[in-house]
Amino acid sequence: MDGALHVDESVLLRLAGAGPRYTSYPTAPEWTDDFGPDDATDAAVRASATPDQPLSLYVHLPFCSRLCLYCGCTVEISGKPSRADAYLDAVEREIELVSATLGERRDLVQMHWGGGTPTFLSVEQLQRMHGLVAERFRFLPGAEISLEVDPHVTTHAQIDALMDLGFNRVSMGVQDLDPHVQHVVRREQTAEETDALVARCRERSVEGLNMDLMYGLPDQTEEGFGRTLDEIVRLAPDRLAVFGYAHVPWMKPAQKALEARGTMPGPTERARLFGLAIEKLGAAGYEVIGLDHFAKADDPMAKALHEGTLHRNFMGYALAPSEDMVAFGMSAIGELAGTYVQNARTTAEYEAALSDGRLATIRGLRRSPEDELRRAVILSLMCRMRIDLDELEAQTGREGLAEHFAAEWTRLRPFADEGFCRMGERRLEVTPTGRLFLRHMAMVFDEHLHRRRAEAAAREAAGEDGPRFSQTI
Ligand code: SF4
């Protein structure tokens, strides 16, 4: 995709609406509570049968010293760095239990630490955490080793220690540099702090720098967000994610305060803010990878997109050629041998389970054969920007996919009419503009979503309350 990309506001607006991001299929709302530590162990046993297959690994480090009001993560607010010691004890036990079950399967192609704020941990705690993984897993050459950093709290000493440990990619939360918006959402972070941390990472020859921005926050304006985008372009991260703020106060009560602290942009304003990001980043040489992810044209992620080797897991888009991901920590989600597993969502429950010598699994799902098929279609769409029924029949061993997906194929026609894809009898190719609307096309294949939407409509008709979705734009 060359140069500036313009997408009509009316198109962005028309496609605004609730929907999942497909970091898994079936998506998290489908997983059941009727799934516990024994099921997670069973998945790890099955995963141990392929010791040569590399793994991805995720660690959730949930602590933050302050709560940003827009936060959608699972966090524990704490002013005491020593608080993380007991948590790391629990993570250590979990790593011991899972790695013992995985046996010889221990090669890693990707590791990511998310949060929370991983750099809430002191240098010593960061070193300890890395050691816990390195003792039981083996980083393959070229493994992508990354973590999230908050420029407001991350010190140069921490960056130095992380680079010494072998971290090669840093993901910086920025969201918006406008001081007023930062005040409204209670995340003050000066441009100087961001600048200084970027400079330090570069001095230490970090291989990749990601930044996260957010649109749809209260009091955001095109003018202010435009300045943020210009500043970010100047800082030149290799990859960018431009997320739409998901206002879900029924799930995240702290978000409710935002309604009184500023004016929430409506759908048209959200569409304009996202359109502005698409335009400015395109003009600066960033390519749309998919949904809301952008990368410099010479970044390995853009190359993977063109070579058809891109992957998608709970960390979002990934280069790692691994189907399975082990995940440690409170609320962490793993994927092993066709099974999704999720840990307890509070540190208290998580630590209690591990101190009893049990895994802290609270929910999950083992995919059915139909789930596997639909997941393969959605992954092909999201990562290879195509659906090729011949290819999928060969890959999955299923025949008659044209008949099986006849209704879906018909429902995709309007996307072709919009110019988001080109369709033949057995093949669909996503156009560059269509990359922004992948989740809308993926939703066509999500049979669980269709069922839940029908149920939600019935509930609404009956005046009952029930689950809702966040916005896609
Ligand atoms: S730093 Fe991130 S995880 Fe922590 S409260 Fe803010 S948004 Fe949430």
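Fair warning: this is a prediction, and the values are worked out from it, not measured in the lab.

**Describing the overall build of the protein**
- Counting secondary structure elements, the protein contains 18 helices and 19 strands.
- Over its C-alpha trace the protein gives a radius of gyration of 22 Å, about what one expects of a compact globule, namely 23 Å for 473 residues.
- With the C-alpha coordinates aligned to their principal axes, the bounding extent of the protein is approximately 55 × 55 × 50 Å.
- Every one of the 473 residues in the protein was classed for burial, and the buried ones make up 54%.

**Looking at the side chain of D150**
- Tracing the backbone through its elements, the reader meets D150 in the loop between β5 (138-149) and α5 (156-165).
- From its side chain, D150 meets the backbone nitrogen of H152 in a polar contact 2.9 Å long.
- Polar side-chain contacts of D150 include one of 3.3 Å to the side chain of R187.
- Leave out the neighbours within four places in its chain, and D150 touches R66, T117, T119, R187 and Q189.

**Considerations on the packing of helix α8 (residues 222-235) against helix α10 (residues 267-283)**
- Two elements in contact, α8 and α10, have axes separated by 10 Å at closest approach and are oriented at 25°. With respect to α10, the axis of α8 lies roughly parallel. Between α8 and α10 lies a crossing of right-handed hand. For the pair α8 and α10, contact is made by E222, F225, G226, L229, D230 and V233 and by E269, R272, L273, L276, A277, K280 and L281, respectively.
- Residues belonging to the contact of α8 with α10 are distributed by class as follows: seven nonpolar, one polar and five charged.

**Quick word on the site of the ligand**
- Taken together, C64, R66, L67, C68, Y70, C71, V75, G116, T117 and R187 make up the full set of residues adjacent to the ligand.
- When grouped by side-chain class, the residues that make up the shell around the ligand number six nonpolar, two polar and two charged.

**Observations regarding α10**
- Between its first and last C-alpha atoms α10 spans 24 Å; for 17 residues at 1.5 Å apiece the expected length is 24 Å, and the two agree.
- Those residues of α10 not exposed but buried are R270, A271, L273, F274, G275, L276, A277, I278, L281 and G282.
- Buried positions along α10 lie against α1 (9-14), β7 (208-215), α8, β8 (239-244), β9 (286-290) and β10 (293-296).
- Looking one or two residues past α10, G285 carries a phi angle of roughly 95°, positive in sign.

**Some words on the packing of helix α7 (residues 191-203) against α8**
- For the pair α7 and α8, interaxial distance at closest approach is 11 Å and the crossing angle is 20°. Considering their axes alone, α7 and α8 lie roughly parallel with respect to each other. Viewed along their axes, α7 and α8 form a crossing whose handedness is right-handed. On the side of α7, the interface is formed by T194, D195, V198 and R202, while α8 contributes E231, R234 and L235.
- Taken together, the residues that form the contact of α7 with α8 break down as two nonpolar, one polar and four charged.

**Digging into the pattern of salt bridges**
- Applying the stated rule across the entire model yields 45 salt bridges.
- Of the charged contacts, one joins R375 and E372 as a salt bridge, the two residues approaching to 4.0 Å between their closest N and O atoms. With R375 and E372 both in helix α13 (residues 369-384) and three residues apart, this pair spans about one turn of that helix.
- Given the relative accessible area of 29%, E372 is considered partly exposed.
- Taken together, the shared-partner salt bridges connect D160, D164, R200, E203 and R204 into one network.

**Concerning the nonpolar core**
- Core analysis: the largest hydrophobic core is formed by 120 residues, its most contacted members being W113, M129, F137 and Y317.
- Taken domain by domain, the makeup of this core includes at least three residues from each of domain 1 (31-366) and domain 2 (369-461).
- Contact partners of F137, with chain neighbours within four places excluded, come to L55, L57, I95, S99, L102, R105, R106, L108, V326 and F328.
- Among the nonpolar cores identified, the runner-up in size contains ten residues, and C68, Y70, V181 and L217 belong to it.

**Notes on the domain arrangement of the protein**
- When the domains of the protein are assigned, the result is domain 1 (31-366) and domain 2 (369-461).
- In this structure, domain 1 and domain 2 have C-alpha centres spaced 28 Å apart.
- With 19 residues of domain 1 at the contact, the number on the domain 2 side is twelve residues.
- Contact with domain 2 buries area across many residues of domain 1, yet V288, L291 and R312 alone supply 35% of it, more than any other trio.
- If you look at where domain 1 meets domain 2, you find three salt bridges.
- We note a salt bridge from E323 to R375, for which the minimum N-O separation is 3.2 Å.
- Taken together, the links from domain 1 to domain 2 amount to six residue pairs in polar contact (both at pLDDT 80 or more).
- Contributing elements (two or more residues each) for the side of domain 1 that touches domain 2: α10, β9, α11 (300-307) and β11 (311-313).
- A total of four residues in the side of domain 1 that touches domain 2 trace back to one element, the largest contributor, which is β9.

What counts, and at which threshold
Residues numbered from 1 in each chain as written. Predicted model: local features only at pLDDT ≥ 70, side-chain atom pairs only at ≥ 80, totals over all residues. Heavy atoms only, no water. Helix = DSSP H or I, 4+ residues; strand = E, 2+ residues; numbered from the N terminus. Rg over C-alpha atoms; globule rule 2.2 N^0.38 Å. Buried < 20%, exposed > 50% of the residue type's maximum accessible area, 1.4 Å probe, protein only. Polar contact = N/O pair within 3.5 Å; in protein donor to acceptor, adjacent residues only side chain to side chain. Contact = heavy atoms within 4.5 Å. Axes fitted to C-alpha atoms, helices over the stretch in contact; angles between N-to-C directions. Parallel < 35°, antiparallel > 145°, perpendicular 65-115°, else oblique. Left-handed = near helix turned anticlockwise from the far one by under 90°. Nonpolar A, V, L, I, M, F, W, Y, C, P; charged D, E, K, R; others polar. Near = heavy atom within 4 Å. Expected span 1.5 Å × (residues − 1). Salt bridge = Lys/Arg side-chain N within 4 Å of Asp/Glu carboxyl O. Core = buried A, V, L, I, M, F, W, Y, C linked by side-chain atoms within 4.5 Å. Domains from an automatic or database assignment. Buried area = accessible area lost by both parts, 1.4 Å probe.

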